[in-house]
Amino acid sequence: MELLARLWTTAREWWLWDTLHDWNAGNWSAAAAVATLLVAAIAAFIALGQAREARRLRKEQAQPYVVAFMEPAEVSPAIVDLVIRNFGTTAAYDIEFRSTPPLQRSGGDAGDVEDVWVFDRLPILAPGQEWRTVWDFSQSRGQTDLPDCHDVLVCYKDSQGKETYKSQSTLDWSMFKGRRWTVTYGAHDSAKALREIQKTLKKWQEDIHGGLRIYVRDGAAKDERRRQEYEKWKSQHEVLTQRLGVSDSAQNAPHGSVEAVEPSVAGDPTQASDSTKEGR
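Residues numbered from 1 in each chain as written. Predicted model: local features only at pLDDT ≥ 70, side-chain atom pairs only at ≥ 80, totals over all residues. Heavy atoms only, no water.

Caption draft 1: Spatial organisation of the overall build of the protein chain. Looking only at helices and strands, the protein chain has 7 helices and 11 strands in total. Here the protein chain holds 280 residues, and the buried ones make up 21% of them. A separation threshold of at least 6 residues defines the contact pool for the protein chain, and within that pool the share at least 24 residues apart is 62%. Put simply, the protein chain shows about 21300 Å² of open surface, and 56% of that area lies on carbon and sulfur atoms. (Helix = DSSP H or I, 4+ residues; strand = E, 2+ residues; numbered from the N terminus. Buried < 20%, exposed > 50% of the residue type's maximum accessible area, 1.4 Å probe, protein only. Contact = heavy atoms within 4.5 Å. Areas by Shrake-Rupley, 256 points an atom, 1.4 Å probe, with all protein chains shown as cover.)

Shown next, in the form of structure tokens:
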């Protein structure tokens, strides 16, 4: 077999050489024309393929792209939302959503569940627009037997309404189990703090018509008044001390008794005078 193959190859080479050796200028011109036509056909085929690919890319870039996914809520990472967003550059119409199994969330009591409401048909989603709802809470969902994986399908149309697009995805709660996060205070927390301040200010109102009751205090005048009261009390205290000293010298008198004077009473000279007279 090898010998026959060699003989055939040798004969073909000699025939091709003899054929090309006998060609004249016209034969070579015809061959060049055929080669040029062949190259042009190949180039046209490649250009047609590139044009089709460019057209497909332009069509994909100009069509809507609606996807359903799950995302932690902005107000709290413990809350997980169901989000349906249009990532495309054109509007999406007649959006429909299906989930297997149906979406459910954990209720208020342990073990209770409730259905998650999702639209039957959404008329339009503009580019970058989204629809979201609270799906469930990470802590309470772990106390139920709800499934983790949900196969969802989103169907929608473009502006022409002639073609229906579909996007499939799997929403899995297992990625949110055992998750940890840090609390970051943002605009929502600022608004909450302002509401608390507003509630506090409402308690300070003069009446139901509003207004605040303001008390003005002159610190220097109050300090001077307190100093004068102290000086007056001090002088009265010295007087009482002298009177008590006189009564101490007469402590051997029969039926004599002296009552102790409280500092609060010392400020009233009348009361002090009466107690001294009783002692005498």
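Caption draft 2: Quick look at the pairing of strand β3 (residues 92-100). Strand direction decides the pairing type here: β3 and strand β6 (residues 122-125), joined by 3 bridges, are antiparallel. Along β6, the bridge assignment pairs Y93 with I124. Here 6 bridges tie β3 to strand β8 (residues 149-157), and the two strands are oriented antiparallel to one another. Bridged to E96 within β8 is C155. (Pairing = 2+ DSSP bridges.)

Caption draft 3: Spatial organisation of a positive patch on the surface. A cluster of basic side chains, namely K192, R195, K199, K202 and K203, defines a positive patch on the protein surface. Given a relative accessible area of 46%, K192 falls into the partly exposed group. (Patch = residues over 30% accessible without salt bridge, like charges linked within 9 Å, V, L, I, M, F, W, Y side chains within 5 Å. Salt bridge = Lys/Arg side-chain N within 4 Å of Asp/Glu carboxyl O. Lys, Arg positive; Asp, Glu negative; His and termini not counted. Charge placed at Lys NZ, Arg CZ, Asp CG, Glu CD.)

Caption draft 4: Highlighting the pattern of salt bridges. The tally for this structure, following the rule as stated, stands at 9 salt bridges. Among the ionic pairs, E114 bridges to R105, the shortest N-O distance being 3.3 Å. Connected through shared salt-bridge partners, E71, D81, R85, E130 and R132 make up one network.

Caption draft 5: How the structure looks around the sheet that holds strand β1 (residues 66-72). Taken in spatial order, the 3 strands of this open sheet run β1-β2-β7, and their pairing is antiparallel. Unpaired on one side and paired on the other, β1 and β7 (130-137) mark the two borders of the sheet. Sheet twist, expressed as the average angle between the axes of neighbouring strands with direction ignored, equals 20°. The pairing of β1 with strand β2 (residues 79-86) spans 7 bridges and is antiparallel. Counted as the bridge partner of P72 is V80 from β2. (Axes fitted to C-alpha atoms, helices over the stretch in contact; angles between N-to-C directions.)

Caption draft 6: Broad picture of the nonpolar core. Residues V66, I84, I95, F97, V118, F119 and W135 are the most contacted members of the largest nonpolar core, which totals 24 residues. In this structure I84 touches V66, V67, A68, F97, F119, L125, Q129, E130 and W131, once residues within four positions along its chain are discounted. (Core = buried A, V, L, I, M, F, W, Y, C linked by side-chain atoms within 4.5 Å.)

Caption draft 7: Representation of the packing of aromatic side chains in the model. By the definition in use, this model includes 7 aromatic pairs. Consider the rings of F69 and F87, whose centres lie 6.1 Å apart with planes at 40°: the pair is tilted. Here F69 is found in strand β1, whereas its partner F87 is found in the loop between β2 and β3, with 18 residues between them in sequence. Taking relative accessible area as the criterion, F69 reaches 18% and is therefore assigned buried. Between W173 and F176, the aromatic rings sit 5.8 Å apart at their centres with planes inclined by 55°, giving tilted as the arrangement. F176 shares its class with W173; the two are buried. (Phe/Tyr/Trp six-rings, centres within 6.5 Å; stacked < 30°, edge-to-face > 60°.)

Caption draft 8: Layout of the confidence of the model for the protein chain. When the pLDDT values of the protein chain are averaged, the result is 77; 73% of them are 70 or greater. Contacts for the low-pLDDT stretch residues 247-280, under 50 throughout, to residues beyond four places or in other chains number 26 contacts. (pLDDT = per-residue confidence, 0-100.)

Caption draft 9: Representation of a nonpolar patch on the surface within the structure. Judged by side-chain polarity, L38, I42, F45 and I46 come together as a nonpolar surface patch covering roughly 440 Å² of accessible area. Judged by relative accessible area, L38 falls into the exposed class, the value being 53%.

Caption draft 10: Layout of the sheet that holds β3. With antiparallel pairing, 4 strands are arranged side by side in an open sheet as β6-β3-β8-β9. Among the strands making up the open sheet, the edge pair consists of β6 and β9 (164-172). On average, each strand axis in the sheet is inclined to that of its neighbour by 35°, with strand direction left out of account.

Caption draft 11: Here's a closer look at the side chain of S106. Tracing the chain through its elements places S106 in strand β4 (residues 104-106). Among the residues examined, S106 registers a relative accessible area of 5% and is labelled buried. There is a polar contact of 2.7 Å between the side chain of S106 and the side chain of D136. Of the polar contacts made by the side chain of S106, one reaches the side chain of S140; its length is 2.7 Å. In this view, S106 contacts D112, V113, D136, F137, S140, R141, T144 and L146; residues no more than four positions away in its chain are not counted. (Polar contact = N/O pair within 3.5 Å; in protein donor to acceptor, adjacent residues only side chain to side chain.)

Caption draft 12: Highlighting the environment of A73. By the secondary structure assignment, A73 is in the loop between β1 and β2. On the basis of relative accessibility, which here comes to 11%, the residue A73 falls in the buried class. A sequence separation of 59 residues divides A73 from R132, and the C-alpha atoms of the two residues are 9.7 Å apart. If sequence neighbours within four positions are ignored, A73 has contacts with I79 and D81.

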